[in-house]
Amino acid sequence: MRHAIYPGTFDPITLGHLDVVVRALGLFDRVTVAVLVNPRKQPSMDLATRLGIIRESLDEELGDAGRGVAVESFEGLTVDLARRLGAGAIVRGLRAVSDFESEIQMAQLNRRLAPEVETVFLMTSAEHAALSSTMVREIASFGGDVRGMVPAAVLRRLTVPGEG
Ligand code: PNS
């Protein structure tokens, strides 16, 4: 059983993230989306909301395939989560060269901490290469249209006042 974790902040999940999940499902038997509880970052959406949105997005956008994806939160090191779950790989999406520097640093350090856990980089589709959660939040905060950038479950939270 090849199991990969896909760690991130997912504040919020974008169609680019879902694209990476789909690609990971093509390579691994099991994929766990792992949402970091980061005490140093104050996400715009709380953990329960982010977890709920991810679950809904996987079910709605990926159908049967999505239902096979686990979602959980974690604190601490990503490699510790990988070890706890018995996952042999960490999946990260690469959009552009600019991602590469920080990602390779993280991958090298994770390898030092846990040599048995491999980092696998998956290239997002060109259509989603410019997407980031930060940009989505900014566009949405000024009333811009983020359709085609985020799953419906995110759109519902962004457009229904009082939620998220
Ligand atoms: O979606 P993000 O914010 O790019 O995800 C970053 C994440 C969660 C993958 C990274 O910050 C992380 O792995 N944090 C957990 C703490 C950890 O393992 N740090 C050591 C990495 S070298």
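Located above this text is the structure these notes cover.
Residues numbered from 1 in each chain as written. Predicted model: local features only at pLDDT ≥ 70, side-chain atom pairs only at ≥ 80, totals over all residues. Heavy atoms only, no water.

Let's talk about the overall build of the protein chain
Within the protein chain, the regular secondary structure consists of six helices and five strands. Helices and strands appear in the protein chain in the N-to-C order β-α-β-α-β-α-β-α-β-α-α. Projected onto its principal axes, the C-alpha coordinates of the protein chain cover approximately 45 × 35 × 30 Å. A burial count over the protein chain gives 42% of its 164 residues as buried. (Helix = DSSP H or I, 4+ residues; strand = E, 2+ residues; numbered from the N terminus. Buried < 20%, exposed > 50% of the residue type's maximum accessible area, 1.4 Å probe, protein only.)

Some thoughts on the site of the ligand
What surrounds the ligand is the set Gly8, Thr9, Leu36, Lys41, Gly76, Leu77, Thr78, Arg92, Met106, Leu109 and Asn110. Thr9 is positioned such that a nitrogen or oxygen atom in its side chain is 2.6 Å from an oxygen atom of the ligand. Arg92 has a polar side-chain atom sitting 2.9 Å from an oxygen atom of the ligand. For the ligand, the protein covers 72% of the area, taking 550 Å² as the surface of the free molecule. With three residues, the single largest contributor to the shell around the ligand is helix 4 (residues 97-113). Its residues assigned to classes, the shell around the ligand shows four nonpolar, five polar and two charged. (Near = heavy atom within 4 Å. Polar contact = N/O pair within 3.5 Å; in protein donor to acceptor, adjacent residues only side chain to side chain. Areas by Shrake-Rupley, 256 points an atom, 1.4 Å probe, with all protein chains shown as cover. Nonpolar A, V, L, I, M, F, W, Y, C, P; charged D, E, K, R; others polar.)

Concerning the pattern of salt bridges
Under the definition given, this model contains twelve salt bridges. For Glu56, the salt bridge is made with Arg156, and the minimal N-O distance between the two is 2.8 Å. One end of the pair, Glu56, is in helix 2 (residues 47-67); the other, Arg156, is in helix 6 (residues 152-159), and 100 residues separate them in sequence. What makes Glu56 partly exposed here is its relative accessible area of 26%. We note a salt bridge from Arg92 to Glu103, for which the minimum N-O separation is 2.7 Å. Taken together, the positions of Arg92 in strand 4 (residues 89-94) and Glu103 in helix 4 put the pair eleven residues apart, joining distant regions of the chain. A relative accessible area of 7% means that Glu103 is categorised as buried. When salt bridges with common partners are traced through the structure, they connect Glu56, Glu60, Arg156 and Arg157 into a single cluster. (Salt bridge = Lys/Arg side-chain N within 4 Å of Asp/Glu carboxyl O.)

Some remarks on the side chain of Arg157
The residue Arg157 is located in helix 6 in this model. Among the polar contacts listed, one links the side chain of Arg157 to the side chain of Glu56, at a separation of 3.0 Å.

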